[in-house]
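Chains, contacts and geometry: an overview
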Amino acid sequence: MSAVEEMPAMTEARSGVERMTYREALRLAMREEMLRDERVFLMGEEVGLFEGAYKVSAGLLAQFGPDRVRDTPISEEGFVGAGVGAAMLGERPIVEIMTLNFLLVAMDQVVNHAAKIRAMFGGEVGCPIVIRTPGGAGNQLTAQHSQSFEGWFAGTPGLKVVAPSNPADAKGLLKAAIRDDDPVLVIENLPIYKEKGEVPLDPEFVVPIGRAAIARPGKDITLIAHSFATVRTLAVAERLAQRHGVDAEVVDLRSLRPLDVETVAQSVAKTNRAVCVEEGWPSYGVTAELAARIQSACFDDLDAPVERVGMAEVPLPYAKNLELAAMPGEDRIEAAVLHTLGRT
Amino acid sequence: MPSTRTPIRKRSASVEVAQGPVSAEAIASRLARFEQMCLIRNFEEEAERQYKAARIGGYCHLSSGQEAMTVGAVQAMREHDLLVTGYRCHGFALARGVPPQAVMAELFGRRDGCAHGRGGSMHLLDAGRGFLGGWGIVAGQLPVATGVALSLVRQGRTAAVLCELGDGAVNMGAWHESLNLASLWRLPIVYLVVNNEYGMGTSVQRASAEPEAFRRAAAYRMHGERVDGDDLDAVAEATQRLLSMARTDRKPAVLEAVTYRYRGHSVADAGLAYRTREEIAAHKEHDPIERVAESLLQMGAQESEIAHARERARAAVAEAVRFAEQSPPPELSALAEGVYCHGSDIQFARMRPGSPFGEQELVFDAGLGR
Ligand SMILES: Cc1ncc(C[n+]2csc(CCOP(=O)(O)OP(=O)(O)O)c2C)c(N)n1
Ligand SMILES: [Mg+2]
């Protein structure tokens, strides 16, 4: 019998929606899952006493105690690996990494260990670990603290990678990740922690892994993005409607691996044009993967080459003017769309 | 060599220096150190003001309270020694002689900054002065500094590396790997562990199974010792001795300096969620700068000399702000300059067709590999 069935009484039966921030939605997901399943515990730097470097875990130490909300030293390789090992024995660790940049220190545990376990041991044992970490740029944090590596992880068989762009998906995808039997990397985003949205309160609300969403329906062109790039792209879509009479459809990927190519292809088959947007470097990145899959799935539907917009391929400089120029800002996305529509 | 142990407890103002007649040079040199400490304190206070006025962005880690450790350690370096630090590096840059103008301009993200506005607060550098960088990934600078020491050996140079790290960095694998390499290869390096009692909001006690970091050196048969990091003379003496041991005998060492940061982890952290106001106030009672001021008086320095030193430090910071304000931001048309070495543009020339939107103007035409 699973812990799910043993402890139904511990979940708060709530319904309806509530407006909350992205970070509150993540917190709610963790709280609900910790109530639902004893095996779920959180560990990471500053997650307990300090309540999270970005306050995502505020209140959880007080509610669940130091055994289930575990502060770690600064030793990512050690505690990510510890999460991997705990997961092999059936625990459900959520490991918070302060930012995606620091996950590189634990890359070996993620790619060489977590991702390999199920296949390498012939399916004998799994690794249901969740690694949560914010990526993204835009606050002058400079070269070592502004990176988006989701393409690296999403290119690794054995890992699942999700990247919610709004509070409801943040809650639903984190819950799906915690319940999943495989290692899931949940990529959050610094600038959207404070964004608000309606979030279902039902403790059984989950967003399935591997399903994109049509964030804005449209007919003229398909814009494909994830995480913060979706937020920007949605803003650009409104601008396009107002200033240029362009009706853009925005596909929010939500999951990067598995990737919902079906939803993307259906949209492109309808609009015949696609612009892919990401906050990371496009070379060998998420948009590179999208472009390849779109040309393969939609070759006959395309009226223009698939365009890509991402971070300028430089280590991000500190100076505000350089940083702004390097980022895939709204102006650059808009220009790419107009270019793809043949309007420039 | 056995590890020695010094208690964490802070001593009151050091008076040993006052015994016997004191030379004018000794007073002058101490006044210069005092002025450097004041410069760092004033600089940090100004940086906080400018950050709050949104003229400095990103992360901004201040070192107020740590001035004796910083100045004492850097003063012990010789001209050809090399310095590598983490991200809390304003004080180290200033102590190493990087002009405050160039440091402030860097914090402002301007062209005349010591990293040309590309690095910001965490990534100061002045290669000409042997300062090989402020680095932002905890413990990432340790293997790098270890390799710098290796190159000193390979090049037959009589110099040593001083590598700063925080108390939080000693739990990273990179620390252990670096210490092992340094000891195994007998590299001229001193790892300066700045124990300011916290790594972000986590106290040393809560993070380290062996909270006395210097003891870990023994695991690599390396010398380790601890000093009162708020005692300028103690830090200078220990650093000098260990650097000289590294330089001449190729014996690496760990020096742990116990100090305290007055401000939060960064300007964005109020610094009160994990420690009390009383704790901070208690440390301020033994302020390292005032300890030096007292000792100067005991040596026979004039009140006016001390006041002038304070005044010069303030003026230098004001001048630094003026300079930074007037320095232009980097040119947009140079966004990609410095990403690769000169001449790489030829290698990249054939990557242009079909590049992502905007890449041509932003990167290829903006100095990539030129
Ligand atoms: C590998 C890595 N993990 C986490 C961080 C985030 N971080 C930056 S500074 C810091 C605390 C470091 O504390 P300490 O080493 O004691 O240095 P101090 O800030 O006290 O100078 C943390 C956790 C980082 N920069 N790098
Ligand atoms: Mg510290």
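Note that the coordinates shown come from a computational prediction; the quantities given were computed from them, not determined experimentally.

For the rest of this paragraph, the subject is the overall build of chain B. When its secondary structure is counted, chain B shows 13 helices and eight strands. Taken against the 2.2 N^0.38 rule, which gives 21 Å for 370 residues, the C-alpha radius of gyration of chain B at 21 Å falls within 12% of a compact globule. Partitioning the intrachain contacts of chain B with sequence separation of at least 6 by distance along the chain shows that 75% fall at a separation of at least 24. For chain B, the computed accessible surface area is about 15,300 Å², with 52% contributed by carbon and sulfur atoms. For chain B, the centre of its 42 positive side-chain charges and the centre of its 45 negative side-chain charges are spaced 4 Å apart.

What follows concerns the site of ligand 1. In the vicinity of ligand 1, 22 residues are found, and the nearest of them are A:Glu76, B:Tyr87, B:Arg88, B:Gly168 and B:Asn196. Looking at the residues close to ligand 1, they fall on chains A and B. One nitrogen or oxygen atom from the main chain of B:Gly136 is found 2.9 Å from a nitrogen atom belonging to ligand 1. One of the backbone N or O atoms of B:Tyr198 is found 2.9 Å from an oxygen atom in ligand 1.

Before going further, it helps to spend a moment on the sheet that holds strand 14 (residues 307-309) of chain A. All names here are of chain A. Here we have five strands laid out as an open sheet, ordered 9-11-10-13-14, and mixed in their pairing. The sheet terminates laterally at strand 9 (213-216) and strand 14, the two strands that pair on one side only. Strand-to-strand twist across the sheet, computed as the mean angle between neighbouring axes with direction ignored, equals 25°. Helix 10 (residues 228-244) rests against strand 9, strand 10 (221-225), strand 11 (248-252) and strand 13 (274-277) of the sheet, and its axis sits at about 170° to strand 11. The strands touched by helix 14 (residues 330-340) within the sheet are strand 10, strand 13 and strand 14, with strand 14 carrying the most contacts at an inclination of about 175°.

Our focus in this paragraph is helix 4 (residues 76-88) of chain A. Residues and elements named next belong to chain A. Under the 1.5 Å per step criterion, the end-to-end length of helix 4 is 18 Å for 13 residues, consistent within 8% with the ideal 18 Å. Every buried residue of helix 4 is accounted for by Glu76, Phe79, Val80, Gly81, Gly83, Val84, Ala86 and Ala87. If you follow the buried residues of helix 4, they end up packed against strand 2 (40-44), strand 4 (92-96), helix 5 (100-103), helix 6 (107-114), helix 7 (117-120) and strand 5 (130-135). Taken from the residues just after helix 4, Gly90 is the one with a positive phi, measuring 95°.

Here we come to the coordination of the magnesium ion (ligand 2). Under ideal tetrahedral coordination, the four donors around a metal are separated by 109.5 degrees; under ideal octahedral coordination, the six donors are separated by 90 or 180 degrees. All names here are of chain B. The protein atoms donating to the magnesium ion (ligand 2) are Asp167 (OD), Asn196 (OD1) and Tyr198 (O), with metal-donor distances spanning 2.1 to 2.2 Å. Between the donor residues of the magnesium ion (ligand 2), the gaps in sequence give the motif D-x28-N-x1-Y. Within this pair, whereas Asp167 is found in the loop between strand 3 (161-166) and helix 6 (173-184), its partner Tyr198 is found in strand 5 (residues 198-199), the two being separated by 31 residues in sequence. The exposure classification of Asp167 matches that of Tyr198, with both residues buried.

Our focus in this paragraph is the nonpolar core. Among the nonpolar cores identified, the biggest contains 65 residues, and B:Phe34, B:Met104 and B:Leu192 are the most heavily contacted of them. Among the elements that take part in this core, helix 1 (residues 24-52) of chain B stands out by supplying nine residues, more than any other. With sequence-adjacent residues up to four places away left out, B:Met104 is seen in contact with B:Phe43, B:Glu46, B:Ile56, B:Val317, B:Ala320, B:Val321 and B:Ala324. The next biggest cluster of nonpolar side chains, apart from the first, holds 47 residues, and it includes A:Phe153, A:Ile224, A:Val268 and A:Val306.

Moving on to the environment of B:Leu297. Residue and element names in this part refer to chain B. Here Leu297 is to be found in helix 10 (residues 288-299). Its relative accessible area of 38% is what places Leu297 among the partly exposed residues. With 270 residues separating them along the chain, Leu297 and Ile27 place their C-alpha atoms 9.5 Å apart. Residue contacts for Leu297: discarding those within four places in its chain leaves Gln302, Glu303 and Ile306.

Time to look at the confidence of the model for chain B. Residues and elements named next belong to chain B. Overall, the predicted model of chain B reaches an average pLDDT of 94, with 95% of residues at or above 70. Note on residues 1-7: pLDDT under 50 across the span, and 14 contacts to partners over four residues away in sequence or across chains. Segment residues 9-15: pLDDT under 50, and 22 contacts once partners within four positions in sequence are set aside and those in other chains are kept. Here the prediction assigns the complex a pTM of 0.95, and the interface score ipTM is 0.94.

Take the interface of chain B and chain A next. Each partner contributes to the interface: chain B provides 44 residues, whereas chain A provides 38 residues. Buried surface at the junction of chain B and chain A, summed over both partners, amounts to about 3,500 Å²; 67% is from carbon and sulfur atoms. Ionic pairing is found between A:Asp71 and B:Arg206, a salt bridge with its closest N-O pair at 3.1 Å. On the surface where chain B and chain A come into contact, there are 16 residue pairs in polar contact (both at pLDDT 80 or more). It is helix 13 (residues 359-364) of chain B that provides the largest number of residues to the side of chain B that touches chain A, a total of three residues.

What follows concerns the packing of aromatic side chains. For the structure on display, the rule yields seven aromatic pairs over all chains. Relative to B:Tyr274, the ring of A:Phe50 lies with its centre 5.7 Å away and its plane at 45°, an arrangement referred to as tilted. Of this pair, A:Phe50 sits in the loop between strand 2 and helix 3 (60-64) while B:Tyr274 is found in the loop between strand 8 (253-258) and helix 9 (277-284), placing the two residues in two different chains. Residue A:Phe50 is classed as buried on the basis of its relative accessible area, which comes to 10%. Given the relative accessible area of 10%, B:Tyr274 is considered buried. Here the aromatic residues A:Phe50, B:Tyr198, B:Tyr260 and B:Tyr274 are joined through ring pairs into a cluster of three or more.

Another aspect to go through is the pattern of salt bridges. Residue and element names in this part refer to chain B. Counted according to the given criterion, the structure contains 49 salt bridges over all chains. Of the charged contacts in the structure, one is a salt bridge between Arg41 and Glu67, with a shortest N-O distance of 2.5 Å. You can see Arg41 sitting in helix 1 and its partner Glu67 sitting in helix 2 (residues 67-75), a full 26 residues away along the chain. You'll find Arg41 and Glu67 in the same group, each marked buried. Residue Glu212 is joined to Arg226 by a salt bridge in which the shortest nitrogen-to-oxygen separation is 3.8 Å. Pair noted here: Glu212 is in the loop between helix 7 (204-207) and strand 7 (223-228) and Arg226 is in strand 7, with a separation of 14 residues, a long-range link. The pair formed by Glu212 and Arg226 is uniform in burial state, with each residue classed as buried.

A separate point is the pairing of strand 5 of chain A. Every other side chain in a regular strand lies on the same face of the sheet, so the side chains alternate between the two faces. Residue and element names in this part refer to chain A. Within strand 5, six of the six residues are buried, leaving the element largely enclosed by the surrounding structure. The side-chain alternation of strand 5 yields two buried faces, one formed by Val130, Arg132 and Pro134 and the other by Ile131, Thr133 and Gly135. Summarising the sheet, strand 5 and strand 7 (residues 184-189) pair through six bridges and their orientation is parallel. Looking at the pairing, Val130 lines up with Val184 of strand 7.

Turning to the environment of B:Ser121, a few remarks are in order. Residues and elements named next belong to chain B. Summarising the element assignment, Ser121 is placed in the loop between helix 4 (100-107) and strand 2 (131-134). Residues Ser121 and Gly57 lie 64 residues apart in sequence; the distance between their C-alpha atoms is 8.6 Å. Ignoring anything within four residues of it in the chain, the contact list for Ser121 reads Tyr59, Cys60, His61, Tyr87, Cys89, His90 and Leu107. Here the side chain of Ser121 touches His90 through a polar contact of 2.7 Å, side chain to side chain.

Pairing between sheet strands relies on hydrogen bonds along the backbone, with the strands arranged either parallel or antiparallel. All names here are of chain A. With respect to topology, seven strands assemble into an open sheet ordered 3-2-4-5-7-6-12, the strand pairing being mixed. Pairing within the sheet leaves two strands with one partner each, and these edge strands are strand 3 (69-71) and strand 12 (255-257). Put simply, the sheet's adjacent strands are angled 20° from each other on average, direction ignored. Where strand 2 and strand 4 come together, five bridges link them in parallel fashion. Within strand 4, the residue paired with Leu42 across the bridge is Ile94.

Rules of the game
Residues numbered from 1 in each chain as written. Chains lettered and ligands numbered in written order. Predicted model: local features only at pLDDT ≥ 70, side-chain atom pairs only at ≥ 80, totals over all residues. Heavy atoms only, no water. Helix = DSSP H or I, 4+ residues; strand = E, 2+ residues; numbered from the N terminus. Rg over C-alpha atoms; globule rule 2.2 N^0.38 Å. Contact = heavy atoms within 4.5 Å. Areas by Shrake-Rupley, 256 points an atom, 1.4 Å probe, with all protein chains shown as cover. Lys, Arg positive; Asp, Glu negative; His and termini not counted. Charge placed at Lys NZ, Arg CZ, Asp CG, Glu CD. Near = heavy atom within 4 Å. Polar contact = N/O pair within 3.5 Å; in protein donor to acceptor, adjacent residues only side chain to side chain. Pairing = 2+ DSSP bridges. Axes fitted to C-alpha atoms, helices over the stretch in contact; angles between N-to-C directions. Expected span 1.5 Å × (residues − 1). Buried < 20%, exposed > 50% of the residue type's maximum accessible area, 1.4 Å probe, protein only. Donors = N, O, S within 2.8 Å, 3.2 Å for Na, K, Ca; no water. Core = buried A, V, L, I, M, F, W, Y, C linked by side-chain atoms within 4.5 Å. pLDDT = per-residue confidence, 0-100. Buried area = accessible area lost by both parts, 1.4 Å probe. Salt bridge = Lys/Arg side-chain N within 4 Å of Asp/Glu carboxyl O. Phe/Tyr/Trp six-rings, centres within 6.5 Å; stacked < 30°, edge-to-face > 60°.

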